[in-house]
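For reference, the chains in residue letters:
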Amino acid sequence: MVKFEIHDLNIWFGSVHAIKHINMEIQSNEILSVIGPANSGKTTFLRMLNRLNDLNQNFKMNGEVRLDNEDIKNIDMELLRKRVGMVFALPLPLPLSIFDNVVYGLRMHGIKNKKVLEERAEESLKEAYLWEEVKDRLSESAFKLSGGQQQRLCIARTLAVEPEVILFDEPCSGLDPISTAKVEDAMVKLKEKYTLVLVTNNVKQAARVGDRTAFFLSGELIELDKTDKIFTAPQDKRTDGYIRGKFG
Amino acid sequence: MRKLKEFIVEKLILICGLASIFFVALIFLFLLKEGLAVFKTVSLFKFLFGKSWYPISEPAQLGILPLILGSLLITVGAAIISIPIGVGCAIYIAEIAPLKIKETLKAGIELLAAIPSVVLGFIGMVTLVPLVKNLFNLPTGLTALSGSIMLAFMAMPTIVSIAEDALYSVPKTYKEGAFALGATHWQTIWRVMLPAASSGILAAVMLGIGRVIGETMAVMMITGNAAVIPHTILAPVRTLTATIAAEMGEAVVGSEHYFALFAIGIVLFVISFAINVTADSFLHKRQQ
Amino acid sequence: MKNPYRTQNIAFFFLFLATLLIVVPVGLIIVIIIQKGLPAINWQFLSDIPRQGMRAGGIFPAIVGTVYLVTGAIILALPIGLLAAIYLSEYSKDNLLNRLIKLAIVNLAGVPSVVYGLFGLALFVVFFKFGASILSGSLTLGIMILPVIITTSREALESVPQSFREVSLSLGASKWQTIRHIVLPNAIPGILTGTILGLGRAAGETAPILFTVAAFYLPRLPNSIFDQAMALPYHLYVISTQVPNVAEKIRYGTAFVLLALVLIMNLVAIIIRYKFRKRKKW
């Protein structure tokens, strides 16, 4: 089933043409990895999916992006962001307690019932493989957690609002290999329930977790295919060059 | 429901955002409303360049030249004292002082900015005024010089903090480049840092002067308030601000005198507006 | 040839001298006022009304008047100033309007204090017919401290990391929810600092209250916000210049109380700022 449908997408920041004529689809319950060198437009692409680019004053976009066959421009912005959650490059806990971090989104959507909040918090923390480590210290500041724990907290916080799609923006760039492995494990499990889009600078990570992989270069989508195929028999010379580490 | 509440809050925020513009306009408007009436009886030229200010004689003479010259004399005096000392202090704090002393000095200067002008005026009356009197053997120490010294002092916090900011924001590479060429620290400051920070320092000086022109209480308390054209800095003078402060209490609402004092207010508003807009454009230039 | 290091030593000496020329008098002023003012302070001086044409008695009505004025000023300036700061920090775009607002704030901060007095007289006392009253004075002072509150609050709001806003929005919170639950709570110490600085400024100003509120001699407490009131800075001006033969002790005592009030506020503001910087987690 198609989750996102993107037709002739162009994005500009001022005079910089950041995304050029992209057409693609994102399938439900897949992990789509997006790879490419710096400034290839992959993060811009990701932030377009939950309209976070709109915060930038110089942002301009045309083309069509449909979520479950509905143009995202017509979806209420807050509802869109609830449906399309995001995990950022660095662990970004809010300056609140662990518990308050997890239920922040729920509270903003008007849920006040303490029991409901507690249940959702436990569920989400379990899904993010963090419950066992924090269940006795939920009222402590989120800043007391280690980097890897903080990032899993951010995943739990995103899960708590029950999104359909989760965007990962280089979620492991600040983490050590063990923490990275834990986050990757979590992602693979999550795909049963959610659609995942993973932007990563780590080509090996894309190969490990991605069902399909998209290669971006200078704002263009060069190639999108099954991950095995991209890594074993890429159609485009540039894709081949990048995954072999010739540039980027 | 939530959407409606947020819509109202956001409109309120917009309105308050515009409040500053509204208030500036309102101030100017009401100064004009009350002040322009004076020009029914005096021409603008006679008002600005008339040599006598006798607002309660019959007929009233409403020439503010003595007051303008009084303000000008004190301002020039204060500028001569405060610019070298203020900029020097800014250089010392930004470039030379060790970190710990730097924080103490900055706190000290912030403290000076916080002292109410009426307290400074009081202290000036009991310390500076007798000192000037005895030093120059004058009949009174309430002179333009006392006012200049006091105002120079009051302009310092503005000049020092903005000039220090300007020096601080000179890119480090400039300094390192000069050092790499073998320049001493002082040569670097003089030939590289000061020119690079010049527009910010200029803004600092202008805003300091703006503070001096607008200052009221301290000036009124220590300059003697004689509304005559000053011939020496050792004579009593009266400034534009002190005239308003001293006379508005007696002026009858709606009288010629009342209108004239508002017209002086217009002059002060225009001067401070011009200074602030120019200084702001200098600061803006620096940022780009 | 000139020795560059000797030039440097001479130059640095003069720069040091310039610094001393500012800092030493500041210290002296404070020392003099404490030394001569502190002995005048006792319970009677603080709690009694002025007597014998202000040549004896205390300064209680002036203290109360100043407290009323400052409270009134902050009630007006804090909500408007804070919302204006939110507008500038969270809503305004980098365009002409934004530039105009900033310019207006700079000008509002630069308008001479006596011109505020004129404005308050024309608008509140005469036009709105509030008369010379606490209300007129508070409103005038409130507009005068608006730029202080806007500028410091805006800095406080802008120092909250952009990433917090993005996180909150990405979880589906609305813009106002983000401001209300994330940005404001983390900017409170800075906003508090600005508010206290504004209070200090309002407490010390004389010229804006000269024709809008101040009573020369009113040896009782004000009855309502439409009543005139004495105020500390104006009282100090009056007993220093307008009333002959006031004992030095009373003048210094009044100056001491005013200075202490203003400096304590500034000190509190500085302490809050300092503690907050140390505690900051990001």
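For clarity, every value in this text was computed on a predicted model and none was experimentally measured. (Residues numbered from 1 in each chain as written. Chains lettered and ligands numbered in written order. Predicted model: local features only at pLDDT ≥ 70, side-chain atom pairs only at ≥ 80, totals over all residues. Heavy atoms only, no water.)

Colleague: Outline the confidence of the model for chain B, listing residues and values.
Modeller: Chain-level pLDDT for chain B is 92 on average; 99% of the residues reach the 70-or-more range. Our summary of model confidence lists the complex with pTM equal to 0.90 and ipTM equal to 0.92. (pLDDT = per-residue confidence, 0-100.)

Colleague: Can you lay out the interface of chain B and chain C for me, pointing to particular residues and giving the numbers?
Modeller: Taken together, the contacts link 76 residues of chain B with 76 residues of chain C. Interface of chain B and chain C: buried area, both sides summed, is about 6,600 Å²; carbon and sulfur atoms make up 82% of it. Considering only the side of chain B, the residues that lose the most area to chain C are Ile13, Phe122 and Trp186 of chain B, jointly responsible for 10% of the buried surface there. Linking Glu110 of chain B and Arg273 of chain C is a salt bridge whose minimum nitrogen-to-oxygen distance equals 3.3 Å. At the junction of chain B and chain C, the tally comes to seven residue pairs in polar contact (both at pLDDT 80 or more). Looking at the side of chain B that touches chain C element by element, the count peaks at twelve residues for helix α13 (residues 256–287) of chain B. Residue composition of the side of chain B that touches chain C, by class: 52 nonpolar, 17 polar and seven charged. (Contact = heavy atoms within 4.5 Å. Buried area = accessible area lost by both parts, 1.4 Å probe. Salt bridge = Lys/Arg side-chain N within 4 Å of Asp/Glu carboxyl O. Polar contact = N/O pair within 3.5 Å; in protein donor to acceptor, adjacent residues only side chain to side chain. Helix = DSSP H or I, 4+ residues; strand = E, 2+ residues; numbered from the N terminus. Nonpolar A, V, L, I, M, F, W, Y, C, P; charged D, E, K, R; others polar.)

Colleague: I'd like a rundown of the side chain of Ser146 of chain B, residues and numbers included.
Modeller: Residue and element names in this part refer to chain B. Looking at the element boundaries, Ser146 is found in helix α7 (residues 144–168). In this structure Ser146 comes out as buried when scored by relative accessible area, which is 0%. A distance of 3.0 Å separates the side chain of Ser146 from the side chain of Thr143, its partner in a polar contact. Setting aside anything within four residues of it in sequence, one finds Ser146 in contact with Leu128, Val129, Val132, Gly141 and Ile222. (Buried < 20%, exposed > 50% of the residue type's maximum accessible area, 1.4 Å probe, protein only.)

Colleague: So what's going on with a nonpolar patch on the surface? Which residues, and what values?
Modeller: Judged by side-chain polarity, Ile10, Phe13, Phe14, Phe16, Leu17, Leu20, Leu21, Val24 and Leu28 of chain C come together as a nonpolar surface patch covering roughly 810 Å² of accessible area. The topology assignment puts Phe14 of chain C in helix α1 (residues 4–37). (Patch = residues over 30% accessible without salt bridge, like charges linked within 9 Å, V, L, I, M, F, W, Y side chains within 5 Å. Areas by Shrake-Rupley, 256 points an atom, 1.4 Å probe, with all protein chains shown as cover.)

Colleague: Lay out unusual backbone geometry in plain terms, naming residues and giving numbers.
Modeller: Comment: phi is negative for the bulk of residues other than glycine, and the bulk of peptide bonds are trans. Residues and elements named next belong to chain A. Not every positive phi belongs to a glycine, and Asn29 is a case in point at roughly 55 degrees. Within the secondary structure layout, Asn29 lies in the loop between β2 (16–27) and β3 (31–35). Overall, the relative accessible area of 35% leaves Asn29 in the partly exposed class. A positive phi angle, near 50 degrees, is found at Ser218, a position not held by glycine. Mapped onto the elements, Ser218 comes out in the loop between β9 (212–217) and β10 (220–226).

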